[in-house]
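Architecture and fold: a report
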Protein chains: 2
Amino acid sequence: MALARRTPILLAPGPTEIDPRVLKSMGAVAESHFAQPFCNTFGDVLTMLRVLFQSEDPNAQPFVIGGSGTLGWDFVATNFIEPGEAVLCLSTGYFSDGFEMCLSTYGARTTRMAVPIGTAPDISKIEEALRAVRYKALVVAHVDTSTGVLVPLKPLSDLLNRVSPDTLFIVDGVASVACEDLRFTAWGVDVVATGSQKAIGCPPGLSILMVSPRALKVAKTRKAPPSTWYASLTRWLPIMENYERKQSSYFATPPTQIIHALHTSLTVMLSRPLEERFRLHKETSARVKAVVEELGLKQVATHTEHQANGLTAFWLPDGLTSKAFLSKVSAKGITFVGGMQKEVGHMYVRFGHMGYSAVSKEEGHIDKGIKTLREVMMEFYAGRSNDSGFAYEGTFTGPARASL
Amino acid sequence: MALARRTPILLAPGPTEIDPRVLKSMGAVAESHFAQPFCNTFGDVLTMLRVLFQSEDPNAQPFVIGGSGTLGWDFVATNFIEPGEAVLCLSTGYFSDGFEMCLSTYGARTTRMAVPIGTAPDISKIEEALRAVRYKALVVAHVDTSTGVLVPLKPLSDLLNRVSPDTLFIVDGVASVACEDLRFTAWGVDVVATGSQKAIGCPPGLSILMVSPRALKVAKTRKAPPSTWYASLTRWLPIMENYERKQSSYFATPPTQIIHALHTSLTVMLSRPLEERFRLHKETSARVKAVVEELGLKQVATHTEHQANGLTAFWLPDGLTSKAFLSKVSAKGITFVGGMQKEVGHMYVRFGHMGYSAVSKEEGHIDKGIKTLREVMMEFYAGRSNDSGFAYEGTFTGPARASL
């Protein structure tokens, strides 16, 4: 029940540190989701999301549903893809693969295009695949949070336009929306699914999606009824339309407090140009990546153009486990998190620098993160050169399983 | 973004007024869901839920998943029932029917046992149905929030034991958990699904379930794989088991702040005996129902034994629409809500008295609700006897669509 700051500064790639104004909105008093004040709040949220997603077509539709970002995968799988339809999934980490497994659970015939960790599929290979099979959808994680690999969307958009214009362009934007430039309309994206707790800067608890008019039509005219109740687009659509008109309607009770927090977060975010926000994320990212390099550490994402701006994932040197590293970092008041990619998850760590921490320099979160990273690595190197080892295990008592 | 109390006192049957201590927990600072402090919090929550549900078998399993209470229906439909299996659904209102429609969406062969509004199916009819067909599950809303009809569970439990012991006993406890006596183990309940925002007294955003060892086995040994990702029991099970052991593990990011709020709410709730809590709800309910009767109003639930203790739904007299009534009530600083049952939803209203408002007399919420109810009805009666009409419409500016 304690609320005092008992946790380190959270520099994870989500959840992220929260603007105190946003956190304050979480304490909004109970109110009816049918009452006008809440309708106004939710309506504004939906309209502001159009701006955040750079969605310029009024016939596109934002959705905000109680649940985690993962629920967005079910929403995609059950509304836009019919059982047996072919989907091309670009595999750049744990989350791309999770999305693919979710699609296949609902009966999609998925093709996983895998590449070595830290890289992204070559555009020519994707073209080849798109020419060989008539895919219902191309699914890509804009940034896979597990590896920090970014897949540039514009080239994919151009490719689809050129060789497979009927293929839906579906993007997992969990670790990219609000920290990477993502032009929903200009790039012909059909669906973006994201969560509230990453660069959007809210607590976790909302699945947020933007859906193109074309994808809406696919969902509304599908032959097989969607095998879901809670994730059904046709059930949520009138609810979202009504709330955006500031009228209540009911399918399931919305998480009113987190929607208040989202309202505050969007209001703060959109009070400045989006370009500035993306630039700040790039600058912050460049600072962190320069320090990582200076310390002789290698990023997981091998190529500059595939390195995300919201996090930096880097390999630890031999002799330094992620558990030892994270414990040491935690003892200095910072939370980074471990890797999460099968056999190598324990060999790398992730420094998150998205959302509030990235844009609010006055908080000094990133400075402290960089300082801590430097200190821990210098101590490790010093210990190694002294041949004394780096016996952190058992000495520091950080989060027991933070390396998960 | 304003946080000042701009809304009336919320006497709806959920969301409900929130204990200030619980609301404060919503402002918990960002923390990693992998870190030990959060593991401890979530672990305690799961263990405390066993007490709240009166679940005495350590092999039963609580689940806490980001989403609304409605998500619990998908969880039931996809994990415990296989396509084509027969399910008997007792229909006592909008929510029972929604649950039934959800089950049928996932392929269950449902039988809806309908009764006139305000009543509950006769136990002899249920026995007849159970003898005629081998049902995989009996599904019942302990309290249907739309009508305030309570179905006593103990007689159903006895009946199932006697005539159909293999049938799973599945309960929608959204409007009953934490305000009605619900003995999970003693009454042989297999699944209870509820939400965070009713008598549990948290903000909305969590789907909370308790599952019996027998139902767990059904889910784990089903033939058809569950057609869901986000609501898959087998995916969530290890996560819940690990968190209760205070170890992190990952399937989807939990809504950390609402889980903090739930921790506070459960801690406060369980600091007093559950019997006392149920007694306080009964006393509060009896007070409200006595006033309703005294004012010449008829409850929707026709029989005393079918009247819920967490809300009172009552018909409005001729000439008084729910819109006019609710606007008048709202102008006096109270939120009741309208009916939600097809053709007659506009003819009745609901006074919620569950959770914090019911047990914290010092707040005086219920007193204010009763006072307002009396005043509005007396004014209506006075206006009618003066033959002046009750021209509230257009005069008061309460929530525009609160009657939904």
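In this text the structure is predicted, and so the values were computed from the model without any measurement.

Here we come to the overall build of chain A. Of the regular secondary structure elements, chain A holds 13 helices and 14 strands. Taken against the 2.2 N^0.38 rule, which gives 22 Å for 404 residues, the C-alpha radius of gyration of chain A at 21 Å falls within 12% of a compact globule. Overall, the C-alpha framework of chain A stretches about 70 × 55 × 35 Å when taken along its three principal axes. Here chain A holds 404 residues, and 66% of them are scored as buried. Carbon together with sulfur atoms contributes 53% to the accessible area of chain A, which is approximately 14000 Å² in total. Each charge class in chain A was averaged separately, 41 positive and 38 negative side chains, and the resulting centres sit 2 Å apart.

Moving on: the relation of the copies chain B and chain A. Taken together, a rotation about one axis and a shift along it account for how the two chain copies relate. Note on the identical chains: chain B maps onto chain A by a rotation of 180° and an axial translation of 0.0 Å, with an RMSD of 0.0 Å. On the angle and the small slide along the axis, the relation comes out as a two-fold axis. Residue B:Gly67 of chain B places its C-alpha closer to the rotation axis than any other residue of that unit, at 2.0 Å. When the interface residues of chain B are mapped onto chain A, 100% of them again lie at the interface, so the same face is used by both copies.

Once that is clear, we can look at the domain arrangement of chain A. How large an interface is tends to be reported as the accessible area lost when its parts come together. All names here are of chain A. Its domain assignment divides chain A into domain 1 (9-13 + 273-385) and domain 2 (21-271). Between the C-alpha centres of domain 1 and domain 2 there is a distance of 27 Å. Each partner contributes residues to the interface: domain 1 has 25 residues there, and domain 2 has 28 residues. For domain 1, the biggest contributors to the area lost against domain 2 are Leu274, Phe278 and His306; these three give 25% of the whole. Remark: the boundary between domain 1 and domain 2 carries 0 salt bridges. Summed over the shared surface of domain 1 and domain 2, the number is 10 residue pairs in polar contact (both at pLDDT 80 or more).

Moving on: the UniProt feature "modified residue: N6-(pyridoxal phosphate)lysine" (unreviewed entry) in chain A. Residues and elements named next belong to chain A. Per the UniProt annotation, the sites labelled "modified residue: N6-(pyridoxal phosphate)lysine" (unreviewed entry) are Lys198. Looking at where Lys198 falls in the secondary structure, it is placed in the loop between β9 (191-195) and β10 (206-211). Judged by relative accessible area, which is 6%, Lys198 ranks as buried. Ignoring any residue separated from it by four or fewer positions in sequence, one finds Lys198 in contact with Pro13, Gly14, Thr16, Thr145, Val174, Ala175 and Met354. At a separation of 2.8 Å, a polar atom in the side chain of Lys198 contacts the main-chain carbonyl oxygen of Pro13.

Okay, the packing of aromatic side chains next. Note on aromatic pairs: each is described by the distance of the centres and the angle between the planes. Residue and element names in this part refer to chain A. The tally for this structure, following the rule as stated, stands at 38 aromatic pairs over all chains. Here Trp73 and Phe99 contribute two aromatic rings whose centre-to-centre distance is 5.5 Å and whose plane-to-plane angle is 10°, an arrangement assigned as stacked. Residue Trp73 is found in helix α3 (residues 71-79), and its partner Phe99 is found in helix α4 (residues 94-105); the two are separated by 26 residues along the sequence. One exposure class covers both Trp73 and Phe99, and it is buried. Relative to Trp236, the ring of Tyr230 lies with its centre 5.8 Å away and its plane at 80°, an arrangement referred to as edge-to-face.

Turning next to the nonpolar core. One finds A:Phe63, A:Phe80, B:Phe63 and B:Phe80 to be the most contacted residues of the largest nonpolar core, which totals 222 residues. Residues in contact with A:Phe80, not counting those within four places in the same chain, are A:Phe75, A:Glu85, A:Lys136, A:Leu168, A:Val191, A:Val211, A:Ala215, A:Val218, A:Ala219, A:Arg222 and A:Leu233.

Taken together, the contact pairs 76 residues of chain B with 76 residues of chain A. When the two sides are added together, the surface that chain B and chain A hide from each other amounts to roughly 6000 Å², 67% of it contributed by carbon and sulfur. For the interface between chain B and chain A, the tally reads 0 salt bridges. At the boundary of chain B with chain A, the tally comes to 8 residue pairs in polar contact (both at pLDDT 80 or more). With 8 residues, the top contributor of residues to the side of chain B that touches chain A is helix α9 (residues 256-269) of chain B.

Quick notes on the rules
- Residues numbered from 1 in each chain as written.
- Chains lettered and ligands numbered in written order.
- Predicted model: local features only at pLDDT ≥ 70, side-chain atom pairs only at ≥ 80, totals over all residues.
- Heavy atoms only, no water.
- Helix = DSSP H or I, 4+ residues; strand = E, 2+ residues; numbered from the N terminus.
- Rg over C-alpha atoms; globule rule 2.2 N^0.38 Å.
- Buried < 20%, exposed > 50% of the residue type's maximum accessible area, 1.4 Å probe, protein only.
- Areas by Shrake-Rupley, 256 points an atom, 1.4 Å probe, with all protein chains shown as cover.
- Lys, Arg positive; Asp, Glu negative; His and termini not counted.
- Charge placed at Lys NZ, Arg CZ, Asp CG, Glu CD.
- Least-squares fit on C-alpha atoms with pLDDT ≥ 70 in both.
- Contact = heavy atoms within 4.5 Å.
- Domains from an automatic or database assignment.
- Buried area = accessible area lost by both parts, 1.4 Å probe.
- Salt bridge = Lys/Arg side-chain N within 4 Å of Asp/Glu carboxyl O.
- Polar contact = N/O pair within 3.5 Å; in protein donor to acceptor, adjacent residues only side chain to side chain.
- UniProt positions renumbered as here; feature names shortened; annotations may be inferred.
- Phe/Tyr/Trp six-rings, centres within 6.5 Å; stacked < 30°, edge-to-face > 60°.
- Core = buried A, V, L, I, M, F, W, Y, C linked by side-chain atoms within 4.5 Å.

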